[in-house]
Amino acid sequence: MSAATVPAGYRVLRAGPVSFLLHRRSALAAAGLLLLLAAAVVASLCLGESTVSPAEVLKVVTGRPSPHELVVGEFRLPRVQVGLLAGLALGLAGALIQTVARNPLASPDVVGVSHGAAALVVGLLAYGVVGSTGQVPYAAVGGGLVAGLLVYALAWRGGLHAQRFVLIGIGISVALSSLTTVFLTKGDGLQAQQAKVWMTGSLNGAGDAQSGWLSWVLLAALPVALWAARAQRSISFDDATAVGLGLRLNRTRAGMALLGIVLASCAAGACGPVDFVALMAPQIAVRLARSAQIPLLCSALTGAVVVVLADLLARRMLAPVELPVGVVTGLVGAPYLMWLLLRSRRGGS
């Protein structure tokens, strides 16, 4: 590729016979987000009821002896790991769903994935079908997948219509929210209280079990995410143009939507439905990168930063009382959603 054909703001990277375009501002944004994420992780490991120095945190993380091994290594580190991985999954899922729907208001929270996970988990807990917390993640993943696939199937009419996808998702979300309320009022009282705690989205008690399988999910999703990053360019065209160019538009959208649904369901399984992260992260990322498409890597990193910082605030804001991380993301996300609605209305979309 000659310099004259390289789009403005891009750079060509070559590795032998393979070459690809790199959006320079997206790369800079990703580097900045990585630094911010590292700082957030260190702060979350250092701060708590007892403050630990960064040097001692580094000793614990690298496996060297430290008097703070119990506090940092056993209590804080597993929680931070789950928050980071869940944030990556939510940020990436939100970017994929918004790309497919072509709507900044679309996210797993809005189109029913999180509500599906919550409805199934609450129903099973409230009626005593699930008796141990170890079974909850599998129920959440199953509920999220069923709800997301149901929305996609109902929105399909010879192809996926973006507006219909969002509207049907909102309708399914409302129905599932009502069903969850029925389960809470009709089921066992003690189990219902446990379900309410899980519904807020919390990293309390999160550990190696959740971070282990969530790491494998993200690792397995990496090749598909790389394909999705390339496929974004094709589905950015209007439908007629994309079909005219010979692009398999429906298959591409189906693959990206399925990946987003799986990631959001797995994140809900790990720490409950943490609202608004998947909604905010892609829009923050696209404003940082100033790119034509939502940058998937930046969106995933933004989601991780939001969850880790929100959990730190949740632990320290009303110390010694610890809030669920979903409460903090909800306090930030609800005003953001209102601003996004007003902005869309003024723009006429």
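Reading guide: rules and limits
- Residues numbered from 1 in each chain as written.
- Predicted model: local features only at pLDDT ≥ 70, side-chain atom pairs only at ≥ 80, totals over all residues.
- Heavy atoms only, no water.
- Helix = DSSP H or I, 4+ residues; strand = E, 2+ residues; numbered from the N terminus.
- Buried < 20%, exposed > 50% of the residue type's maximum accessible area, 1.4 Å probe, protein only.
- Polar contact = N/O pair within 3.5 Å; in protein donor to acceptor, adjacent residues only side chain to side chain.
- Contact = heavy atoms within 4.5 Å.
- Phe/Tyr/Trp six-rings, centres within 6.5 Å; stacked < 30°, edge-to-face > 60°.
- pLDDT = per-residue confidence, 0-100.
- 1 Å grid on protein atoms, 1.4 Å probe; cavity = no way out; pocket = protein on both sides within 12 Å on 5 of 7 lines; lining within 4 Å.
- Points joined across faces, edges and corners; volume = space filled by probe spheres on them.
- Salt bridge = Lys/Arg side-chain N within 4 Å of Asp/Glu carboxyl O.
- Axes fitted to C-alpha atoms, helices over the stretch in contact; angles between N-to-C directions.
- Left-handed = near helix turned anticlockwise from the far one by under 90°.
- Nonpolar A, V, L, I, M, F, W, Y, C, P; charged D, E, K, R; others polar.
- Expected span 1.5 Å × (residues − 1).
- Patch = residues over 30% accessible without salt bridge, like charges linked within 9 Å, V, L, I, M, F, W, Y side chains within 5 Å.
- Areas by Shrake-Rupley, 256 points an atom, 1.4 Å probe, with all protein chains shown as cover.
- Core = buried A, V, L, I, M, F, W, Y, C linked by side-chain atoms within 4.5 Å.
- Parallel < 35°, antiparallel > 145°, perpendicular 65-115°, else oblique.

1. Some remarks on the side chain of Glu 56
- Within the secondary structure, Glu 56 sits in helix 2 (residues 54-61).
- Since its relative accessible area comes to 16%, Glu 56 is described here as buried.
- A distance of 2.7 Å separates polar atoms of two side chains, one belonging to Glu 56 and the other to Ser 66.
- Excluding residues within four positions of it along the chain, Glu 56 makes contact with Ser 66, Pro 67 and His 68.

2. Brief notes about the packing of aromatic side chains
- Summed over all chains, the structure comprises 2 aromatic pairs.
- Look at Tyr 152 and Phe 165: their rings are 6.3 Å apart centre to centre, the planes differ by 75°, and that puts the pair in the edge-to-face class. Separated by 13 residues along the polypeptide, Tyr 152 in helix 5 (residues 136-155) and Phe 165 in helix 6 (residues 162-186) bring together distant segments of the chain.
- Its relative accessible area of 1% is what places Phe 165 among the buried residues.
- By the ring-pair criterion, three or more aromatic residues cluster together here, those being Tyr 152, Trp 156 and Phe 165.

3. Section: the confidence of the model for the protein chain
- Looking at the protein chain as a whole, its pLDDT mean stands at 82, while 86% of the residues score no less than 70.
- Mean pLDDT across the secondary structure elements of the protein chain bottoms out at strand 2 (residues 18-23), with 65, and peaks at helix 12 (residues 296-316), with 93.

4. Remarks on empty space enclosed by the protein
- Here the structure, examined in full by the defined rule, presents 1 cavity of 30 Å³ or more.
- Here the largest cavity defines a volume of roughly 40 Å³.
- Considering the residues around the largest cavity, the lining is formed by Leu 90, Ser 114, Ala 264, Ala 267, Ala 268, Cys 271, Gly 272, Pro 273 and Val 274.
- Among the elements that make up the lining of the largest cavity, the one with the highest residue count is helix 10 (residues 249-271) (4 residues).

5. Notes on unusual backbone geometry
- We note that Arg 102 has phi near 55°; this positive angle belongs to a residue other than glycine.
- By the secondary structure assignment, Arg 102 is in the loop between helix 3 (69-101) and helix 4 (113-126).
- Unusually for a residue other than glycine, Phe 276 sits at a positive phi of about 75°.
- Here Phe 276 lies in the loop between helix 10 and helix 11 (277-289).

6. What to know about the pattern of salt bridges
- Taken as a whole and judged by the stated rule, the model has 4 salt bridges.
- Here Lys 59 and Glu 56 are joined by a salt bridge, their closest N and O atoms 3.5 Å apart. With Lys 59 and Glu 56 both in helix 2 and 3 residues apart, this pair spans about one turn of that helix.
- Asp 311 is paired through a salt bridge with Arg 79; the nearest N and O atoms lie 2.8 Å apart. Separated by 232 residues along the polypeptide, Asp 311 in helix 12 and Arg 79 in helix 3 bring together distant segments of the chain. Just as Asp 311 is buried, Arg 79 falls in that class too.
- Sharing partners across several salt bridges, the network here consists of Arg 79, Asp 311, Arg 315 and Glu 322.

7. Describing the packing of helix 1 (residues 24-46) against helix 3
- Running from N to C, helix 1 and helix 3 point in directions that differ by 150°, and their axes come no closer than 9 Å. In this structure, helix 1 meets helix 3 at a crossing whose hand is right-handed. Residues Leu 37, Val 41, Ser 44, Leu 45 and Cys 46 of helix 1 form the contact with helix 3, whose participating residues are Val 72, Arg 76, Leu 77, Val 80 and Leu 84.
- Grouping the amino acids of the contact of helix 1 with helix 3 by side-chain chemistry returns 8 nonpolar, 1 polar and 1 charged.

8. Digging into helix 10
- If you check helix 10, its first and last C-alpha atoms are 33 Å apart, about what 23 residues at 1.5 Å a residue would give, namely 33 Å.
- Where burial is concerned, most of helix 10 is hidden: 17 out of the 23 residues are buried.
- Positive phi shows up at Gly 272, right after helix 10, with a value of about 85°.

9. Quick word on a nonpolar patch on the surface
- A grouping of Met 317, Leu 318, Val 321, Val 327, Leu 331 and Val 332 is seen on the molecular surface, where their side chains present a nonpolar patch of about 530 Å² in accessible area.
- Positionally, Val 332 belongs in helix 13 (residues 325-346).

10. So, the nonpolar core
- Ranked by size, the top nonpolar core spans 86 residues in total, and within it Leu 96, Phe 165 and Leu 263 carry the most contacts.
- Top element by residues in this core is helix 3. It accounts for 16 residues.
- For Phe 165, the residues in contact, after removing those within four places along its chain, are Ile 97, Ala 101, Val 111, Val 151, Tyr 152, Ala 155 and Leu 160.
- Counting 14 residues, the second largest nonpolar core, distinct from the first, contains Val 121, Leu 125, Ala 140 and Ala 195.

11. So, the packing of helix 1 against helix 2
- Packing of helix 1 against helix 2 leaves a shortest axis separation of 10 Å and a crossing angle of 95°. Judged on the interaxial angle alone, helix 2 and helix 1 are roughly perpendicular. Within the contact between the two elements, helix 1 uses Val 42, Leu 45 and Cys 46 and helix 2 uses Pro 54, Val 57 and Val 61.

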